[in-house]
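A structural walkthrough
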Amino acid sequence: MSTRQFCTFYLDQLYLGVDVLQVQEVIRFQEMTRIPLAHRMIRGLINLRGQIVTALDLRLRLELPGETSESSFMNVIINTHDAPVSLMVDEIGDVLELGDEQFEPPPQHLNVGLKKMIKGVYKLDDDFLLILNTEKATDLENK
Amino acid sequence: MDEVLAAFLAECRENLEKLDNELVLLERDPQGPHIAEALGKIFRTVHTIKGSCGWLGLNRLESVVHDGEDLLVCLREEKVAITTAIVTTLLEMFDAIREILAHISTTGSDESSKDYSSLVQALKALQSPVSLAAHQPAEPKTISAEPISAAPTVQRQQTAAESIRIDVKLLDKLMNLVGELVLTRNQMLQFTNTQEDAAFTITTQRLNLITSELQEGVMKTRMQMIGLIWNAYPRLVRDLALECGKQVSLEMDGKETELDRTMIDAIKDPLTHIVRNAIDHGLERPEERIAKGKPPMGRLTLRAYHEGGHVNISIQDDGAGIDPEKLRERALQKGLIQASDAAQMSDRALLNLIFLPGFSTAEKVTNISGRGVGMDVVKNNIEAVGGMVELISEKGKGSTFKIKIPLTLAIIPALMVISQNERFAIPQMNLLELVCLEGDDAVRSIEMIYNSPVYRLREKLLPLVYLNQVFEQGLSFADLLTHLKQQGEDARLNIVVLQADDQNFGLIVDQIHDTAEIVVKPLSKQLKNLSVYAGATILGDGKVALIIDVMGLAQRVNVISEAQRNNLQAELENRQDQDNELHNLLLFQAIGQRKMVIPLAYVARLEEFNSNKIEYAGDLSVVQYRKQILPLIHLAEVLPDSNRFSAQTEPDLEELLQVIVCVDQGRMAGIVVEKILDIVDSDDETEIQHSLKREGVIGSVILQGSVIDVLDFRGIIGRHIPSFFEDLPASQDLIAVR
């Protein structure tokens, strides 16, 4: 039985995960440079040791209610084929190793905004881990 | 040894290395699924080597490669099956090529290298399926194991010591790291000021020096001489001059001027285009020149030199020059400018019209230039790398193109400004001057024309743009004025005078900081559509600042006076989509007397090829065209009612073929026609009557009183080169009936 490792994090009420191999690193709140005229989901640019990283407000991206705090969020830096992108999340969870048999595609009745961004769901004992589709989540042209 | 040759050798060696493996794989599994692909790869490499040989005058090498190529063609067309003998001989050929290359790198030419005639014989013999036995004696004799193992390896080690090829990505990474090191060093230096420890200060000083040297060194690794592009020009100029019946002497000055590698790549095509244009349109024929009292030999001068962090390149000819009046007429006729504007336009502004898309003054479309795509592309390409191009021309005396480009894209000098507490960098390239108005002046000197603010800068009107207003929708210019009035004596108004195209405008910012050398970093794809920014940079304190793209900003706020430029661009794009609205049509004789048209939007160029240049790839006829393979479609063979003409389409050996090079989404195909006649401007009302659609024809139009069919070039290409539209979705739908 094959297993995969996921870096997990919390956003609003959701427990989300990204394949560990896609995650470059996780960092605390960083000072950001605001980008006038940019899409409102783009919160700013971060200097990550000389690399410029675009910070995406994942809450807005997933059409979740509420607002991302101005100063206490965490950055999950993921590698896309273009450049690293930071996903702004509330809190970081553990790295989980999960077997394929626990996986299921997303249920049909999920919130539309969310469903498009989710690859599927891992059924945990007392919770669900939603696997984020990072390609879609970071591609703002694809609404 | 000269640079071109060295580059050629390095490239050949690298390619051959890969080919050996391909061939060996091929031999192991001759029925494998990737056989066609592998053969194609080998063929292309060999073909490239052959092409370069001809160009570099390496005849002996060419003779060896030539027969190898023929053999590969046979293999690709499956005329002969792959056997060990063939693979062995091909490998021998590669070894022979290596030997010759080694010989070239020591002596500089391929003359007096070994005799390879028996190898050539073997290659020839293998092309016919029956003569397998014939080559047998040749194989063991020609290239023994000795020269392969000894000579070439020694040679390769030598070159390895002189230069190595490095992945550009690695260089970029090094560059990044050095940038970071510089920042850290700067912080360190500030820290030293508060320290008393002498040993620490001395160490920091050394760190300082080493860092600077390291930075310089890494910068240099990316530099290449502009001569790398220019070296191809003497030949190009000679050929073109012959073709046009002109006499041209080429002078080049400043070959050794160094530029960043990326810049070299970016300006290569624009430069070549300008040079071609200068010869084709700029310089006159000898007899005309004599009549004008000029020497019969035209002069084309290329110059390059460094100036304050930029490289200036000028391309000057002493030809006919451009008549601004002609441009005015032409632009009016094409509706590119309004009659009211036309009368007021300065000569300089008129000259700049040639950079508009869809503009061409060439009275005749030739196969070298004059399709009206070109100068706009040249300008776009140069601007894309942060450069500028300008045309100076005097009627009867000649034209000069002046190109100014930054030395490197990686590090540019920039002015730091502040808008709403955020810092922004403005490239110095676009900066003209800074104006600071204080106290009452600040309020009084801003004047409004309706609701557009202007400033009188030395008695000329300067449109003003308020950066905060651009960035934040809520703010207005009135807010700025109220704010200034409140401050009274302390009011300060900072205007950064910028140049975009040939229009100047003033950008009002909150504060002006100092200038700085900044490392440009690209923005991620989520931000690419924001044309206002050229990138981002990391400042000394580690914060990120955005770099303003002055052209993009000017376009956003509409200060570029030639707003038509955008409209035109949009219009051109529209035209691509709407085939029913035809504007320009290319009229040609398809077969015999039958006339047809094709929308000019699809035509990339018009060319003439000698029929002996046609090669065959499978059952397709192709020609080598600008380092690409251009598939050809003979209309005479493919149009349905053409049978009765087929007798005369058997090409004579020396026939000149008239070819329309069509381009569609980056792919090219050539359509061979009987004769290219004219470009016709049709009325706006002209519509394709789709009811007359049939094979090879999408419909008909009424042109100058007669009915003329419109060629369905996509349909034809799609039928004869099915791969042409592969992975282009629904291409048929774009052109076929709505």
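Attention here is on the structure that accompanies the text.

1. Examining the interface of chain A and chain B
Interface size is commonly expressed as the accessible area that is lost once the parts come together. Taken together, the 24 residues of chain A in the interface contact 26 residues of chain B. Together chain A and chain B conceal approximately 2100 Å² of surface at their shared face, both sides included; 61% is due to carbon and sulfur atoms. Across the salt bridge formed by K543 of chain B and E31 of chain A, the nearest N and O atoms sit 3.8 Å from each other. Our enumeration of links across chain A and chain B arrives at five residue pairs in polar contact (both at pLDDT 80 or more). Going through the elements one at a time, β4 (42-48) and β5 (51-57) of chain A are the ones with two or more residues in the side of chain A that touches chain B. Split into classes, the residues belonging to the side of chain A that touches chain B amount to twelve nonpolar, seven polar and five charged.

2. Some thoughts on the sheet that holds strand β6 (residues 388-394) of chain B
Paired through their backbone hydrogen bonds, the strands of a sheet run either parallel or antiparallel. Residues and elements named next belong to chain B. Spatially, β2-β4-β5-β7-β6 is the arrangement adopted by the five strands of the open sheet, whose pairing is mixed. Across the chains shown, the open sheet's two edge strands, defined by having one partner strand only, are β2 (248-253) and β6. Across this sheet, the average inter-strand angle for adjacent strands is 10°, counted without regard to direction. In this structure, β6 lies alongside strand β7 (residues 398-406), joined through seven bridges in antiparallel fashion. Bridging across to β7, M388 finds its partner in K404.

3. Thoughts on the nonpolar core
Counting residues in hydrophobic clusters, the biggest one holds 61 residues, and the most contacted among them are L16 and L132 of chain A. Sorting elements by how many residues they give to this core places helix α22 (residues 550-556) of chain B first, with four residues. If sequence neighbours within four positions are ignored, L132 of chain A has contacts with F9, L16, G17, V18, L58, L62, L87, M117, K119 and A137 of chain A. Counting residues in each nonpolar core, the second largest holds 40 residues, with V80, L90, M93 and F94 of chain B among its members.

Cut-offs applied
- Residues numbered from 1 in each chain as written.
- Chains lettered and ligands numbered in written order.
- Predicted model: local features only at pLDDT ≥ 70, side-chain atom pairs only at ≥ 80, totals over all residues.
- Heavy atoms only, no water.
- Contact = heavy atoms within 4.5 Å.
- Buried area = accessible area lost by both parts, 1.4 Å probe.
- Salt bridge = Lys/Arg side-chain N within 4 Å of Asp/Glu carboxyl O.
- Polar contact = N/O pair within 3.5 Å; in protein donor to acceptor, adjacent residues only side chain to side chain.
- Helix = DSSP H or I, 4+ residues; strand = E, 2+ residues; numbered from the N terminus.
- Nonpolar A, V, L, I, M, F, W, Y, C, P; charged D, E, K, R; others polar.
- Pairing = 2+ DSSP bridges.
- Axes fitted to C-alpha atoms, helices over the stretch in contact; angles between N-to-C directions.
- Core = buried A, V, L, I, M, F, W, Y, C linked by side-chain atoms within 4.5 Å.
- Buried < 20%, exposed > 50% of the residue type's maximum accessible area, 1.4 Å probe, protein only.

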